[in-house]
Structures are given as C-alpha cells and as structure tokens.
Amino acid sequence: MQQDNRVEFTQEMKKTHTILIPNMLNMHFEIIEQLLISEGYKVELLKTTHHNIVNEGVKNVHNDTCYPALLVVGQMIDALKSGKYDLNKVALIMTQTGGGCRASNYIHLLRKALKNNGMEQVPVISVNFYGLETNSGFKFTYRFLIKAVYAIIYGDMLMWISNQCKPYELNAGDTEAVDKKWTKRIADQMHSPSFLRVKRNYKAILEDYEAIPKSNEEKVRVGIVGEIYMKYSPLGNNELEKFLIREGAEPVLSGLLDFIAYCCENMVLDYDLYNINKVNRNLARIALRYLVHSQNKMIKAIKKHGKFKVMSNFNEVKVMAKDYISKGVKMGEGWLLTSEMLELIHSGVNNVICTQPFGCLPNHIVAKGMMRKIKDNYPESNVVAIDYDPGASTINQENRIKLMLSNAKMNMEK
Ligand code: SF4
C-alpha cells in the first residue's frame, strides 16, 4: 500500500517481511534484535563490515551527505544486492531524530537509493517519536518501550564494565566470552519478564566480569566522544576501541542512554525555549524521570559491588557544559557532546578522542569549537579530533591517535 508516496510497512508484512537493522553497537543491538523478535517481528542485524559498503554509500548518496548516513545507506543497499534476501519479503528500518539536523531526512535518501536500484518495493520503517511517519505494521507499545529502556541499560552496563576488563585480561578472549555470555542471556530474557530482575542480573554480571583474571598494570584511559554513530560503530570508526586496547590504553565510553535522555531533554527545551508541543514536553519529562531512575539503579549496583569504576548519571553529565554552551545548541549531539568531554575530564580521564564524521557541521561546532576553551580551563587535558570519511586513510587516523597516546603516556609518567 502506498502512503505519502512511500511503501507502508503493513500488518501483513509483519508476518512475511524480514526487517534488516543496520548495526551500531554490537551488544546493545543484539539485545534489541531479540526484543523485536519477542514482539513478533522477523529481523536480522546487519553485521557486515566489508569495503563494498563504503562503495555503495558513495554511489548511492549525494557527495555532501554526512558519513554515518553514507555508511548506513551503503550497508543496506549492499545487503539487498547480496542476493541473500527476497526483495519482496524484506524491509529496512531507520531512525528519524526529529531535530533540526539532517538525520531526520536521510530516510528519503535511502528511498531514493532504493528507487535508483530498482528496489522501490522495499518498505522503510521510520523510528521516531515525533509522529513524522507511521506504519500500521510497526508500533511502539508500552511493553516495547520498557523493554527498549532495559535493552539499552544492560547494553550500557556490559560495554562499560567490559572496557574496564578487556585491556587488563591475562588470558586473551576471557572478557569477550563474558560479553557473549551476557549479551545472549539478556537477549534471551527479552522473551520473558526475566529482564526485569535487574538486581539479580546486575550482581551476576558484575561477579562474572570480576572473576576474569586481570593484571594490576596502570594504563592510560582514553574517552571516546563524538557523533553518535562514529562514537560507537566499529564500521564507522575503524574499530577504534580495539585499536586503543591494542595500543595499551583503556577506552572509556559513556552509554547510549545518555543520548536518548538528551533527545528527551531537547523535547522539554523545545517547549521552554520556543513554546513547541506541550504534550511532547510532558511525555518527555515522564520518560526522563524513568530513564534516569533506571540508570541510577544500575549505577548503584556497580557502586555497591565496589570493584569497578562508576559512570556519572545523565543529570550529572548534563550540567557540565553550562558555562560553555547554551542548551539551545541541540543540532546533532549538541550540548551533550561538550558535556561529555567535560565529564570525562572531571572524572580524571584527560585524554579524549572526538570522532568527527565528514559533512557534520553541528558536531564540529560543539566539539572542535569548544576545544580551545576546554584546553584553556583544563591545561592538562589532551583532546584530539579525528576525522572520518570515505577517503580518509586509516593510517593517518591511527598516527594521530598514536601521537595523542604518546602525550598521554608521558603525562601519566609525570
Ligand atoms: S549530527 Fe552530523 S552526522 Fe548526524 S545527521 Fe547531523 S550532520 Fe549528519
């Protein structure tokens, strides 16, 4: 069925079509994959990383499109062309942030790419909270949203603790085995209410990571911030976390929940600053309270366990940039990105890599634009911006990071 000149994802398609999800965060998205299956969808997470993804992206989107969109569109078109899927029984999914940034409009680029490749029958589902596009076969239910919050919180916890173990493990692969064990276990729990037994799960997760034999060696800690896809996606940032670990550093990444909470906070700001959408403001406030409350429970469990460093909660992060940037700056990662850099420095992580995608003006402003002021106020900080685009050489990126690491090591020795 056509709706607004697009192919709608209908209720019948829910039974017949496989939804392809572009990957961004391995552990989180494997849990989300099972969440969707538990809600009756057929889904497959795209884990491809080969170079043809970039080629398809370059061929199919405009050359000033930002790099994350180029990769996501490229990954989907590459999958559809692989011959693995029946083009009449497959659907795609993409987020629309609803903000002023271009991320709200990439869905149209994807549809254009489908048309250019003779695949216009493939429906594209929009994930958004602004009612931008709806599909009768894909709906957010209350149960779905609760599961999504926990999928994100569990993913955040696994990523946070795993990064504190991997660089120090004595037997290579031990941490990854625990990552896999708990990702699968939590993903399976999405099919029953077991995922709500958070206290029991958190305790068991922490004990398993604690049991991994580790060295006491002191390593340089390096925070990763940036545009959301570049920050997390190994495809986008050329496996930055793995690279840092290979180079003898400990990567520090804040969770996905902070970004979701930031989007809710912006809905509140839309009303406070511009009088836009009171209903959304009220819903966002309720969501924010629930998100921070749930995040706090996880943080409390880590604190109580006492063996791992604890992350800051969203309310602590969001006030960090108040003397640096207005909350009205909310294109892209907006004020959150500046806040995250400052939060890292305040928590003792002076070394920060800011991942910058090609074509992303908003994040250049809130990241590169803030670096001078941060450096002036925190001379001990060691912040470097790394650019990512289809033509950027990995060697150049790695060399810049190595330079930053050698400064970091020198500072640590001092
Ligand atoms: S924040 Fe940057 S990368 Fe994301 S949509 Fe906007 S311009 Fe593109």
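Before any of the text, the structure's been laid out above.
Below is a summary of the structure that appears in this document.

Rules and cut-offs
- Residues numbered from 1 in each chain as written.
- Predicted model: local features only at pLDDT ≥ 70, side-chain atom pairs only at ≥ 80, totals over all residues.
- Heavy atoms only, no water.
- Pairing = 2+ DSSP bridges.
- Helix = DSSP H or I, 4+ residues; strand = E, 2+ residues; numbered from the N terminus.
- Axes fitted to C-alpha atoms, helices over the stretch in contact; angles between N-to-C directions.
- Contact = heavy atoms within 4.5 Å.
- Near = heavy atom within 4 Å.
- Nonpolar A, V, L, I, M, F, W, Y, C, P; charged D, E, K, R; others polar.
- Phe/Tyr/Trp six-rings, centres within 6.5 Å; stacked < 30°, edge-to-face > 60°.
- Lys NZ or Arg CZ within 6 Å of the ring centre and 35° of its normal.

1. With respect to the sheet that holds strand β6 (residues 124-127)
The strand order β4-β3-β5-β6 describes an open sheet built from 4 strands, whose pairing is parallel. Single-partner strands in this sheet number two, and they are β4 (42-46) and β6. Neighbour to neighbour, the strand axes of the sheet diverge by 30 degrees on average, direction disregarded. The sheet contacts of helix α2 (residues 26-38) involve β3 (18-22) and β4, and relative to β4 the element is tilted by about 165 degrees. Packed onto the sheet, helix α5 (residues 106-116) meets β5 (90-95) and β6 and runs at close to 175 degrees relative to β6.

2. Some remarks on the site of the ligand
In the vicinity of the ligand, the contacting residues are Cys-66, Pro-68, Cys-101, Ala-103, Tyr-106, Glu-227, Gly-332, Glu-333, Gly-359, Cys-360, Pro-362 and Asn-363. For the shell around the ligand, the class distribution of residues is 7 nonpolar, 3 polar and 2 charged.

3. Let's talk about the packing of aromatic side chains
A complete count under the given rule lists 11 aromatic pairs for this structure. Ring geometry for Phe-129 against Phe-140: centres 4.9 Å apart, planes inclined by 15 degrees, an arrangement best described as stacked. Of this pair, Phe-129 sits in the loop between β6 and α6 (142-165) while Phe-140 sits in the loop between β6 and α6; the two residues are 11 residues apart in sequence, bridging distant segments of the chain. Seen in terms of ring centroids, Tyr-262 and Trp-335 are 5.0 Å apart; in terms of plane orientation they differ by 70 degrees. Their pairing is edge-to-face. Of this pair, Tyr-262 sits in helix α11 (residues 256-274) while Trp-335 sits in helix α14 (residues 334-346); the two residues are 73 residues apart in sequence, bridging distant segments of the chain. Through a chain of ring-to-ring contacts, three or more aromatic side chains come together here, namely Tyr-41, Phe-129, Phe-138, Phe-140 and Phe-144. Over the face of the ring belonging to Tyr-41 we find Lys-14, whose NZ or CZ atom lies 4.5 Å from the ring centre.

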